[in-house]
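Reading the structure
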Amino acid sequence: MGFKYSYNTIVYSGEDYLTQVKRLNKFGYEGIELVGEPSWYDFSEVNKFNLEYNIKVNSICSIFTAERDLIHPEKSMREKAIEYCKSIADMAAAVNSTTMIVAPSPVGKIEAMTSEKDEMNYAIDSIQKVGEYAKSVGTNISIEPWNRYETYFINRLEQAEKILDNLSLDNAGIHGDTFHMSIEEANIADAYKKMGKKLNHCHLADSNRAAPGTGHTDFKPILQALKDINFSNYITMELIPPVSDPFACVRGGKAEEFKDNYTEQSINHLKKIESQLK
Ligand code: LER
Ligand code: MN
């Protein structure tokens, strides 16, 4: 059985939902990743159009801004971040998504606010609480490391694994985003293989964070690794314009090439490689 493909719709921000699902259906996608801002969506409309266009919400991409910091030294701030994550779990349940992304600290926080030991304990404690709640509403969590320019806290998959191994959850796993990995990992395919079954979600983007095929990342060994570890979740394109704050595109709405052009190009490039795998 082949891979299932999905698209992170952060670059579609501002478009009506029907336009988004029609585009994904047209180019052969089976999944959609929604933006973790529950107020943006009418969940019954999402379910209705998904059914009509054969699209499944595979994941919610939580948006970690400065007020959503699961490792903040102040308890009230961590609680606020946990509440936000719970609202994303509720959103996942409302749109039948099996996965939600969790990152311990916000985008752009590049310095620690307390000791490494305390931050690791806060990460474990907060993510445990989020994971338990997610389980109670029927969704999984996936811990995503980011590159050093977005966070100092966890940059490589093996660091996320350290958190995962300290959780008592059977609905949690590791996320591997090839854009971050191309900066931080020695070898993307090897890092995926090392995670094996623990890898429960991935984002694919080329080295320039645009459509696979437009940069210098070699996706053949990467897809081969995903096949070898029997990765069964959706392969999700997460493509972002060249801005230092990856969430800026939710405000800009000017990235036209990330709509039809990259949506089509990404899946075609990867499907061609997929057909050549062993
Ligand atoms: C989110 O999935 C991500 O990769 C980060 O760069 C924050 O947008
Ligand atoms: Mn990502």
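For the structure, see preceding data.
In this report, the structure presented in the accompanying data block is examined. (Residues numbered from 1 in each chain as written. Chains lettered and ligands numbered in written order. Predicted model: local features only at pLDDT ≥ 70, side-chain atom pairs only at ≥ 80, totals over all residues. Heavy atoms only, no water.)

1. Thoughts on helix α3 (residues 75-94)
Relative to the 28 Å expected for 20 residues at 1.5 Å per residue, α3 spans 29 Å between its end C-alpha atoms, a close match to the ideal helical length. Among the structural elements, β2 (31-36), α2 (43-52), β3 (56-62), β4 (99-102) and α4 (116-136) are those in contact with the buried residues of α3. In the segment just after α3, asparagine 96 is the residue with positive phi, at about 60 degrees. (Helix = DSSP H or I, 4+ residues; strand = E, 2+ residues; numbered from the N terminus. Expected span 1.5 Å × (residues − 1). Contact = heavy atoms within 4.5 Å.)

2. As for the coordination of the manganese ion (ligand 2)
Summarising the metal site, the manganese ion (ligand 2) is bound by the protein donors Glu144 (OE), Asp177 (OD), His203 (ND1) and Glu238 (OE), whose distances to it range over 2.1 to 2.2 Å. You can call glutamate 238 buried: its relative accessible area is 6%. (Donors = N, O, S within 2.8 Å, 3.2 Å for Na, K, Ca; no water. Buried < 20%, exposed > 50% of the residue type's maximum accessible area, 1.4 Å probe, protein only.)

3. Description of the packing of helix α8 (residues 219-228) against helix α10 (residues 260-274)
At a minimum axis distance of 10 Å, the contact between α8 and α10 shows a crossing angle of 70 degrees. What the angle tells us is that α8 and α10 run roughly perpendicular. Crossing handedness for the pair α8 and α10: right-handed. Across the interface between the two elements, Phe219, Lys220 and Leu223 from α8 touch His269, Leu270, Ile273 and Glu274 from α10. In terms of residue class, the contact of α8 with α10 is built from 4 nonpolar, 1 polar and 2 charged. (Axes fitted to C-alpha atoms, helices over the stretch in contact; angles between N-to-C directions. Parallel < 35°, antiparallel > 145°, perpendicular 65-115°, else oblique. Left-handed = near helix turned anticlockwise from the far one by under 90°. Nonpolar A, V, L, I, M, F, W, Y, C, P; charged D, E, K, R; others polar.)

4. Considerations on α10
Taking 1.5 Å per residue as the helical rise, α10 with its 15 residues ought to reach 21 Å, and the 21 Å between its terminal C-alpha atoms agrees with that figure. Of the residues making up α10, those classed as buried are Tyr262, Thr263, Ser266, Ile267, Leu270, Ile273 and Glu274. Each buried residue of α10 lies within a common arc of 130 degrees when the element is viewed along its axis, so the set occupies one face. As for α10, its buried residues are in contact with β1 (5-8), α1 (17-26), β7 (199-204), α8 and β8 (235-237). (Arc of directions from axis to C-beta.)

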